[in-house]
Each structure stands twice: as structure tokens, then as C-alpha cells.
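Listed below, chain by chain, are the residues.
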Amino acid sequence: MRRVPRVAPGDGRTRHPPNARLVRRGRARDDARVPEDNAQQVIARAHQLSLIGRDSAAAELLGPYLATHPEDAEALRLMAHVQLALGRPELALSAAERAARLSPGDAEPLVTLSYVLRAAGRVLDARAAVEEARRLDPLSVRVLSAWISAHLGVGSIGNWGRRRRLLEASEELLRIAPDEAVSHHMHALVRQDLGQPRRADAAYRRARALDPSDPLIRQNHAVLDIEMNRFGSALASNVTRLATEPDSRIAMFHLRATVNQMLRIVWIALFVVGNLAVRIVDLQRDFARIQSFIGWSAAVLWILVIIMLVHTAATSRGAFLRAFRSLPRVDLALTVTAATFLALLLGLTAFAIAPSFGLVVAVCVGYLLGLGALGWSWLGLRRTREELERAGEL
């Protein structure tokens with residue numbers, strides 16, 4: 001089963017320069033006119049615009065400035081991240097390469113270049129860039145984080161040597177910055193990629209304790225929750241992020257993926273229940289027993305659904321209904337599947353109370369309808385994932 005993609009700190013979703021949290025969230029003024037002779041003011045203003053999601057305005061501010069200051073490596077780095085966020089990988093790559101050429105002994109432009117190269121699909125070139133950055137500045141938290149990010153994923157740790165290097169890098173990061181959330185976050189990603197979910201969970205919890213507001217940590221912890229079948233926690237994390245970032249495509253993607261995987265497991269459970277019911281009929285011809293079996297199965301499903309909904313609503317502090325109200329607009333097929341599941345539960349409950357052949361037919365038809373809608377939703381998730389990857393967000 002394909003994993004939900006994780007986003008590592010510092011890739012296309014992270015807006016740089018790195019210490020971004022120094023800029024407060026809030027609506028920036030539209031007046032972007034800053035004196036051109038004040039380079040730091042221009043870059044800080046563009047950085048602020050990028051942080052609040054106004055990448056087009058940041059690009060419009062940086063464009064004229066770079067036309068008169070084409071050798072400002074810091075502005076070029078920021079332009080690379082802005083263009084990547086706008087879905088323009090060619091322009092982002094051009095800016096990142098120019099920044100790296102202008103600062104041959106600086107690791108930071110190479111880190112930026114590695115992120116852009118990864119978004120462009122040039123994984124080997126990205127790793128080469130970050131290897132050079134690590135040679136230049138082996139004790140930098142940002143460089144080590146970028147190195148780990150570049151070596152995570154399927155195919156990047158195919159032998160024990162690479163596994164050992166990943167673990168050594170994450171442990172070195174913990175030694176350098178033991179009180180930084182990013183260190184524990186990267187260590188969690190390494191443990192998760194190595195198939196050690198319990199150690200990854202402990203590292204995620206430490207990272208969230210150090211920085212409870214970081215959306216990337218919450219998002220990646222939610223992915224681990226899905227892998228560990230802790231769907232209530234995963235739902236709560238995604239819904240909470242949507243409450244603070246209602247337009248986040250990443251958060252909505254992960255919410256859809258969580259619900260889709262939950263419903264896939266439910267459909268398998270319903271299939272098993274149906275087969276066991278048919279088996280009871282074939283072997284015992286005891287309709288009272290099958291009625292009791294269906295009743296208990298429906299009761300267990302109702303209890304699980306209620307517990308999960310209550311847990312998600314309580315944890316997300318009221319954001320639950322707002323998030324799920326937007327689900328039909330984003331993924332109609334998934335909404336149809338969820339509605340069909342509730343109808344099937346009602347049908348099974350009705351059968352347990354007053355069995356009839358008509359209810360059996362209705363449940364079978366509903367099951368097939370929901371299965372088709374679930375498959376359509378899964379295809380939609382694949383398309384969304386491809387779009388996010390092209391935009392450099394995954």
C-alpha cells in the first residue's frame with residue numbers, strides 16, 4: 001500500500017530564508033514599494049509576503065530589485081523559493097543556480113539549489129548539491145536537515161551503509177541542536193523511513209512539545225498515525241491544521257487520504273462480515289443466529305464510528321464540522337462513500353431488528369456503489385498528489 005507522502009522540513013513547502021518564524025502571521029499591507037537602496041528591507045518585505053502566501057506579490061517585488069541588483073545572492077535564493085511555490089520550476093532553478101554561482105564558498109545557496117532540483121525531479125543532482133553543502137558547513141542544522149531530506153524516501157536507503165549514514169546524520173543533528181524541534185523532526189522522519197514507528201512516534205512527540213505550532217511536524221506525525229492505524233489522531237491533526245490554514249491543499253490532501261484509507265479498511269471489514277454471514281447461512285441455516293451476528297457487527301461499527309468522531313471533534317476544538325463541510329466540494333466521491341457507509345450501517349441495523357430480502361438487496365447494491373465511489377476517490381487522490389508534486393509541495 002502506497003504511503004501518504006511526507007514533507008520534510010525545508011523542501012518546497014518551507015519558505016526561506018530559514019528562520020521564518022521571526023515574521024508574524026497576519027495580513028500584510030498591499031504597499032510593496034520599498035526603497036531600492038535598502039536591500040535588507042526589500043528582502044525582508046518579500047520574505048514576509050511569501051510567508052503569508054502572497055508569492056505573486058513577493059515575485060513582483062523581487063523582480064525589479066533583481067533587475068538592478070542581479071548579483072544579490074540572498075534575493076536570488078528567496079526568488080527561487082517564491083518561483084517554486086508558484087509552480088515555476090524552471091525560473092526557480094535559474095535563480096537558485098545563479099545564487100550558487102555567486103557564492104561559491106557558501107553552503108546556504110547549495111541547500112536552496114538542492115530543494116529546487118528535488119522539486120524538478122533531479123534527485124541525484126540534488127543529493128550532489130547537498131553533499132557539497134555539507135562539506136562546506138558540516139555542523140549547520142539547516143545543511144544537515146537538507147542532507148537528511150535529500151536521502152529520505154524509497155530507493156535512497158537501499159543498503160545498510162546508507163541507513164547507517166542517515167542514522168548518524170540524524171543523531172549528529174540531535175547532538176548539535178538537542179533543543180530544536182527540527183532536530184527531533186528529522187530524527188522522527190529517519191526512524192519512520194527505517195520502519196521504526198514507535199521510535200519515530202517518540203521523536204515526533206518531542207518535536208511537537210518543542211514547537212506545537214509547526215504544521216509540518218503535525219502533518220508528518222499524522223502520516224505516522226495513519227501507518228500505525230491511529231486514525232482518530234490523524235484526523236484530529238489534519239482537521240486542526242485546516243482550522244488554521246483553511247486554504248492548505250496539503251492539509252486537505254492528507255485529510256482526504258486519511259478518510260479514504262479508513263473507508264478502505266471499513267469496506268474490507270464489511271466484506272468479511274458479509275462472507276461470514278453467508279457462511280453461517282450455508283452451514284447452519286440458522287437465520288436467528290445470522291440476525292444476531294449482523295446486529296452485533298453493526299453495534300461494534302457504530303461504537304467505533306462514534307468514538308472516532310467524538311475524539312476528532314474534541315481534539316480539534318470545533319474545527320471538525322468546518323473541515324468536513326468543505327469535503328464535498330473537494331472530493332465528492334469520498335463524500336458519497338462516507339454517506340453510503342452510514343446508509344449501510346443503518347441498513348445492517350434495520351436487518352438486525354427486522355430482517356427482509358429487500359434489505360439484503362439494498363445493502364448489496366449500496367456496498368457496490370460505495371466501492372465504486374471509493375475507487376474513484378482514490379484515483380482523484382493520485383491526481384492531486386501528482387499536481388502537488390509538480391508544484392513542489394510534496
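Reading the values: the criteria
- Residues numbered from 1 in each chain as written.
- Predicted model: local features only at pLDDT ≥ 70, side-chain atom pairs only at ≥ 80, totals over all residues.
- Heavy atoms only, no water.
- Helix = DSSP H or I, 4+ residues; strand = E, 2+ residues; numbered from the N terminus.
- Buried < 20%, exposed > 50% of the residue type's maximum accessible area, 1.4 Å probe, protein only.
- Contact = heavy atoms within 4.5 Å.
- Areas by Shrake-Rupley, 256 points an atom, 1.4 Å probe, with all protein chains shown as cover.
- Axes fitted to C-alpha atoms, helices over the stretch in contact; angles between N-to-C directions.
- Parallel < 35°, antiparallel > 145°, perpendicular 65-115°, else oblique.
- Left-handed = near helix turned anticlockwise from the far one by under 90°.
- Nonpolar A, V, L, I, M, F, W, Y, C, P; charged D, E, K, R; others polar.
- Expected span 1.5 Å × (residues − 1).
- Salt bridge = Lys/Arg side-chain N within 4 Å of Asp/Glu carboxyl O.

1. Examining the overall build of the chain
- The helix and strand inventory of the chain stands at 18 helices and zero strands.
- Looking at the chain as a whole, 49% of its 394 residues are labelled buried.
- Within the chain, residue pairs in contact and separated by at least 24 positions form 64% of the contacts whose partners lie at least 6 positions apart.
- Carbon and sulfur atoms make up 59% of the accessible area of the chain, which totals about 19,700 Å².

2. Quick notes on the packing of helix 3 (residues 73–85) against helix 5 (residues 107–119)
- Interaxial distance between helix 3 and helix 5 falls to 10 Å at its minimum, and their mutual angle equals 15°. Taken together, helix 3 and helix 5 sit at an angle that is classed as roughly parallel. The handedness of the crossing between helix 3 and helix 5 is left-handed. Along the contact surface, helix 3 presents Arg 77, Ala 80, His 81 and Leu 84, while helix 5 presents Glu 108, Pro 109, Thr 112, Tyr 115, Val 116 and Ala 119.
- Of the residues assigned to the contact of helix 3 with helix 5, the class counts are six nonpolar, two polar and two charged.

3. Things to note about helix 9 (residues 181–193)
- Along its 13 residues, helix 9 runs 18 Å from first to last C-alpha, staying within 8% of the 18 Å computed at 1.5 Å per residue.
- Across the 13 residues of helix 9, 12 count as buried, placing the element largely inside the fold.
- Among the residues making up helix 9, those that are buried are Ala 181, Ser 183, His 184, His 185, Met 186, His 187, Ala 188, Leu 189, Val 190, Arg 191, Gln 192 and Asp 193.
- Once helix 9 ends, the next one or two residues include Gly 195, with phi positive near 75°.

4. Quick look at the pattern of salt bridges
- The full count for this structure, using the stated rule, is 10 salt bridges.
- Of the charged contacts in the structure, one is a salt bridge between Arg 206 and Asp 179, with a shortest N-O distance of 3.9 Å. Within this pair, whereas Arg 206 is found in helix 10 (residues 197–210), its partner Asp 179 is found in the loop between helix 8 (160–176) and helix 9, the two being separated by 27 residues in sequence.
- Here Arg 205 ties to Asp 201 by a salt bridge, and the two come within 3.0 Å at their closest N and O atoms.

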